[in-house]
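# Breakdown of the fold
Residues per chain are reported as follows:
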Amino acid sequence: MNEEDSVLVKRFKLGEEKAFDLLFERYQRVLYTICYRYTRNEADARELTQDIFIKVYRNLKKFNEKCKFFTWLYRIAVNTCLSFNKRKHRDEVGLGEYIPHQPERDILLKKAIEDALEKLPGRQRMVFILRHYQGYKFEELAKIMNISVGAAKAHHFQALKKLRVFLKDWL
Amino acid sequence: MKRCRFNKRIIDYIEDLMTEQDRFAFENHLKTCKDCEKEVSQIKKIYEILDREEVPMPSREFFEGLKSQIRIKRIPYRLPFWKIFGILAPVLGIIIFIILFNQKGERVIEIAVPISNLTLDEDLNRLLLDKIIDEKIINQFSVLEEYFAPDIEEYLENMNKDEIKDLIEIIDGRYQRFLST
């Protein structure tokens, strides 16, 4: 566990609420980013971020300090995202909803990326996000997602393969 | 078309998962293999496209609000199915147990009937269960049945319950008289 994270967790467990605020501030943006990349939607990303932090706040006292805090935190985030996708699908966003002054090609590209990522199955999408955007090693990623390293690599490979097909017009 | 043997290492190369030696060999291969070279450039392009996209971050107020919200807000708690079942199963078991033991309908009564022949006869069994005749009569009847068999079966089949009862009483009376003499 990151030294500072572990100290903050201990302080929170001893009843210091402020310690949680510091953990929150440390991870708020990165968790929001993951949620946004996963849901492709601001409202959903906000809702998910809130759900994740509520779960973290409620369960932090039960957190086993033998594990790395960020692994535990990311696992909550991943599970929340995966189950969120199962119960809620965002409304389709039409091209007309994008900011009009953006160049047309950018708008189309953004839409293409959105569609491509959205077509990926939940686990493949999450592995791809954590690997590509968050830069996690497959070993870390496997721990976060509670899968084997081989499975993580396979998910990533499949995601990439599909993205090549979905985005072929842009290559 | 035969696939290049280096093809499956493309991801390792792009993801920087190769040893220095493998990397060197792969880069040399790329100079000569058009297919692999094309695939590598396509994947790199995908990464470029994806990296171009920025995440619209919410305002500072959103995070401030969220920080205070998480201490108040409650997530609706959904009891998992196995927990619901774990709670309901014993309750249902107790209810079924109570219902079964409080039933005032038919009850199963064990009666020792020593004459296996007669127990095959449903009418006689019914008379016995209804306590119209008792075991003693059946014992006596079995002696008679052996005596009259096999015609008794035919007679009994053509009789109703009352006639059977009368017959048994008559036979029993005669049998008693027979014994007393």
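Residues numbered from 1 in each chain as written. Chains lettered and ligands numbered in written order. Predicted model: local features only at pLDDT ≥ 70, side-chain atom pairs only at ≥ 80, totals over all residues. Heavy atoms only, no water.

### Overview of the nonpolar core
Among the nonpolar cores identified, the biggest contains 79 residues, and A:Phe20, A:Tyr27, A:Leu60, A:Phe69, A:Tyr74, A:Leu130 and A:Met145 are the most heavily contacted of them. Setting aside residues up to four positions removed in sequence, A:Tyr27 forms contacts with A:Asp5, A:Phe53, A:Phe69, A:Phe70, A:Leu73 and A:Tyr74. Judged by nonpolar contacts, the second largest core, of eleven residues, contains B:Leu124, B:Leu128, B:Phe141 and B:Ile168. (Core = buried A, V, L, I, M, F, W, Y, C linked by side-chain atoms within 4.5 Å. Buried < 20%, exposed > 50% of the residue type's maximum accessible area, 1.4 Å probe, protein only. Contact = heavy atoms within 4.5 Å.)

### A look at the confidence of the model for chain A
With 87% of its residues at a pLDDT of at least 70, chain A reaches an overall mean of 83. Note that pLDDT drops below 50 for residues 91-100 of chain A; the model gives that stretch 13 contacts with residues more than four away or on any other chain. (pLDDT = per-residue confidence, 0-100.)

### Let's talk about the pattern of salt bridges
Pairs can form between side chains of opposite charge once their charged atoms are near each other. Taken as a whole and assessed by the stated rule, the structure comprises 13 salt bridges over all chains. Of the charged contacts, one joins A:Arg164 and B:Glu39 as a salt bridge, the two residues approaching to 2.9 Å between their closest N and O atoms. Here the residue A:Arg164 occupies a position in helix H8 (residues 149-166), and B:Glu39 occupies one in helix H3 (residues 34-52), the pair thus bridging two chains. The partner of B:Arg23 in a salt bridge is B:Glu27, with the nearest N and O atoms 3.7 Å apart. One end of the pair, B:Arg23, and the other, B:Glu27, are both in helix H2 (residues 20-32), four residues apart, so they sit about a helical turn from each other. (Salt bridge = Lys/Arg side-chain N within 4 Å of Asp/Glu carboxyl O. Helix = DSSP H or I, 4+ residues; strand = E, 2+ residues; numbered from the N terminus.)

### Describing the packing of aromatic side chains
Enumeration over the complete set of coordinates arrives at 17 aromatic pairs over all chains. For the pair A:Tyr32 and B:Phe63, a centre-to-centre distance of 6.2 Å together with 85 degrees between the ring planes defines the contact as edge-to-face. In this pair, A:Tyr32 is assigned in helix H2 (residues 17-39) and B:Phe63 in helix H4 (residues 60-72), connecting two distinct chains. Judged by its relative accessible area of 0%, A:Tyr32 falls in the buried class. Overall, B:Phe63 belongs to the buried group, its relative accessible area being 3%. For the pair A:Phe128 and B:Tyr47, a centre-to-centre distance of 6.2 Å together with 50 degrees between the ring planes defines the contact as tilted. Of this pair, A:Phe128 sits in helix H6 (residues 122-133) while B:Tyr47 sits in helix H3, on two different chains. (Phe/Tyr/Trp six-rings, centres within 6.5 Å; stacked < 30°, edge-to-face > 60°.)

### Let's talk about the interface of chain B and chain A
Counting residues at the interface gives 29 residues for chain B, matched by 41 residues for chain A. Carbon and sulfur atoms make up 64% of the surface buried where chain B meets chain A, a total of about 3,700 Å² over both sides. Scanning the region where chain B abuts chain A turns up three salt bridges. The interface formed by chain B and chain A holds seven residue pairs in polar contact (both at pLDDT 80 or more) in total. For the side of chain B that touches chain A, the secondary-structure elements that each account for two or more residues are H3 and H4 of chain B. Counting residues per element, the side of chain B that touches chain A draws most heavily on H3(B), which supplies ten residues. Each residue belonging to the side of chain B that touches chain A can be placed in one class, and the counts come to 16 nonpolar, two polar and eleven charged. (Buried area = accessible area lost by both parts, 1.4 Å probe. Polar contact = N/O pair within 3.5 Å; in protein donor to acceptor, adjacent residues only side chain to side chain. Nonpolar A, V, L, I, M, F, W, Y, C, P; charged D, E, K, R; others polar.)

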